[in-house]
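Topology and contacts: notes
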Amino acid sequence: MNKSELIEHIAQQADISKAAAGRALDAVIGGVSTTLKKGGSVSLVGFGTFAVSTRAARTGRNPRTGDAIKIKKAKVPKFRPGKALKDALN
């Protein structure tokens, strides 16, 4: 499912226009992004938790030349699924 299909699904389920569903989805994504940028986490009970994790600096390899390169530490988004989501899949 891509973003436009998700907007269509939201519009049908909530009985709203596709434009309103698109704005709602953009608002949710924006809210999650803003919170993660500030270092916070977003918990949606039953669905899961979005959080920020720090990946440590490490040494990698250039695949073309095989030379060792240094990879800087980075902040990466993580998603931990909730129990209800896990149960729905199993």
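Our structure's up above, just so we're on the same page.
A short tour of the structure in this document, coming up. (Residues numbered from 1 in each chain as written. Predicted model: local features only at pLDDT ≥ 70, side-chain atom pairs only at ≥ 80, totals over all residues. Heavy atoms only, no water.)

For the rest of this paragraph, the subject is the pattern of salt bridges. Within the structure shown, the criterion is met by three salt bridges. Across the pair K3 and D26 runs a salt bridge whose closest N-O atoms are separated by 2.8 Å. Separated by 23 residues along the polypeptide, K3 in helix α1 (residues 3–14) and D26 in helix α2 (residues 18–37) bring together distant segments of the chain. A relative accessible area of 44% means that K3 is categorised as partly exposed. (Salt bridge = Lys/Arg side-chain N within 4 Å of Asp/Glu carboxyl O. Helix = DSSP H or I, 4+ residues; strand = E, 2+ residues; numbered from the N terminus. Buried < 20%, exposed > 50% of the residue type's maximum accessible area, 1.4 Å probe, protein only.)

There is a patch of nonpolar side chains on the surface, built from L44, F47 and F79 and spanning about 260 Å² of accessible area. Looking at where F79 falls in the secondary structure, it is placed in strand β5 (residues 74–81). (Patch = residues over 30% accessible without salt bridge, like charges linked within 9 Å, V, L, I, M, F, W, Y side chains within 5 Å. Areas by Shrake-Rupley, 256 points an atom, 1.4 Å probe, with all protein chains shown as cover.)

Moving on, we get to the side chain of T49. In this structure, T49 sits in strand β2 (residues 48–55). Side chain to side chain, T49 and S43 meet in a polar contact 3.4 Å long. If near-sequence neighbours (up to four positions away) are discounted, T49 is found in contact with S41, V42, S43, K78, F79 and R80. (Polar contact = N/O pair within 3.5 Å; in protein donor to acceptor, adjacent residues only side chain to side chain. Contact = heavy atoms within 4.5 Å.)

A separate point is the packing of aromatic side chains. Enumeration over the complete set of coordinates arrives at two aromatic pairs. Ring geometry for F47 and F79: centres 5.4 Å apart, planes at 50°, overall tilted. Here F79 lies in strand β5 and F47 lies in the loop between β1 (42–44) and β2, a separation of 32 residues in the sequence. Taking the relative accessible area as the measure of exposure, F47 reaches 38% and is therefore partly exposed. Using a relative accessible area of 36% as the deciding quantity, one classes F79 as partly exposed. A centroid spacing of 4.8 Å and a plane angle of 50° characterise the contact between F50 and F79, whose relative ring orientation is tilted. Here the residue F50 occupies a position in strand β2, and F79 occupies one in strand β5, the gap between them amounting to 29 residues. Look at F50 and you get partly exposed, because its relative accessible area is 23%. The rings of F47, F50 and F79 are connected pair by pair, giving a single aromatic cluster. (Phe/Tyr/Trp six-rings, centres within 6.5 Å; stacked < 30°, edge-to-face > 60°.)

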